[in-house]
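# Observations on the model geometry
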Amino acid sequence: MIRPGDAETAVGDDEGPALERMASETVEALAAVDDARLREYAEEELLDEFEVERVTALRDLARTAIRLNQGMYCWMCP
């Protein structure tokens, strides 16, 4: 797994969309969120059910990335 402070642009530049590898500390923090905290967050932010499903899926993806010793990536738009 990549280490803290290791977010980096994998593809792209400042003028268009880019693919960025998320810092491992961000992935680890996301993976650590339990179901009770997700429900609490959903209530605080008034999330719809589909939004809760997406946040849960993202958390589960982070857990899978850690289990498989892989990184996570996200698209960034300027």
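Before any of the text, the structure's been laid out above.
All values reported here derive from a predicted model rather than from experimental measurement. Throughout, a residue's number is its position along its own chain's written sequence, starting from 1. It should be noted that, the model being predicted, local features are given only for residues of pLDDT at least 70 and side-chain atom pairs only at 80 or more, the latter also being counted only at that level, while totals for whole chains, interfaces and linings use all residues. Just so you know, side-chain values use all the structure's heavy atoms and leave hydrogens and water out.

Within the fold, M22 resides in the loop between β2 (18-21) and α1 (24-31). In this scheme, a residue with accessible area under 20% of its type's maximum is buried, one over 50% is exposed, and one in between is partly exposed, where area comes from a 1.4 Å probe on protein chains only. By relative accessible area, which is 17% here, M22 ends up buried. Linking M22 and C74, residues 52 residues apart in sequence, is a C-alpha distance of 7.0 Å. Only DSSP runs of H or I with at least four residues qualify as helices, and only runs of E with at least two residues qualify as strands; both kinds are numbered from the N terminus onward.

The next thing to look at is the packing of helix α2 (residues 35-44) against helix α3 (residues 49-67). When two helices pack together, their arrangement is given by the angle between the helix axes and the distance between those axes. Running from N to C, α2 and α3 cross one another at 145°; their axes reach a closest spacing of 11 Å. Judged by the sense of rotation from one axis to the other, the crossing of α2 with α3 is right-handed. Across the interface between the two elements, D35, L38 and A42 of α2 pack against V52, V55, T56 and R59 of α3. Within the contact of α2 with α3, the residues separate by chemical class into four nonpolar, one polar and two charged. Axis angles are defined between N-to-C directions and span 0 to 180 degrees, where every axis is a line fitted to C-alpha atoms and, for a helix, only to the segment in contact. Crossing handedness is defined as follows: a turn of the near helix away from the far one that is anticlockwise and smaller than a right angle gives a left-handed crossing, while the clockwise case is right-handed. Here, two residues are considered to be in contact whenever any of their heavy atoms come within 4.5 Å of each other. In the scheme used here, Gly and all other residues not listed as nonpolar or charged are polar, with Ala, Val, Leu, Ile, Met, Phe, Trp, Tyr, Cys and Pro taken as nonpolar and Asp, Glu, Lys and Arg as charged.

Next up on the list: the pattern of salt bridges. Whenever Lys or Arg places a side-chain nitrogen within 4 Å of a carboxyl oxygen from Asp or Glu, that contact is recorded as a salt bridge. Summed over the entire model, instances satisfying the criterion amount to four salt bridges. Among the ionic pairs, R37 bridges to E40, the shortest N-O distance being 3.1 Å. Placement of both R37 and E40 in helix α2 is noted, with a separation of three residues, approximately one turn of the helix. The partner of R59 in a salt bridge is D60, with the nearest N and O atoms 2.7 Å apart. Shared partners join several salt bridges into a network, and the residues in it are D35, R59 and D60.

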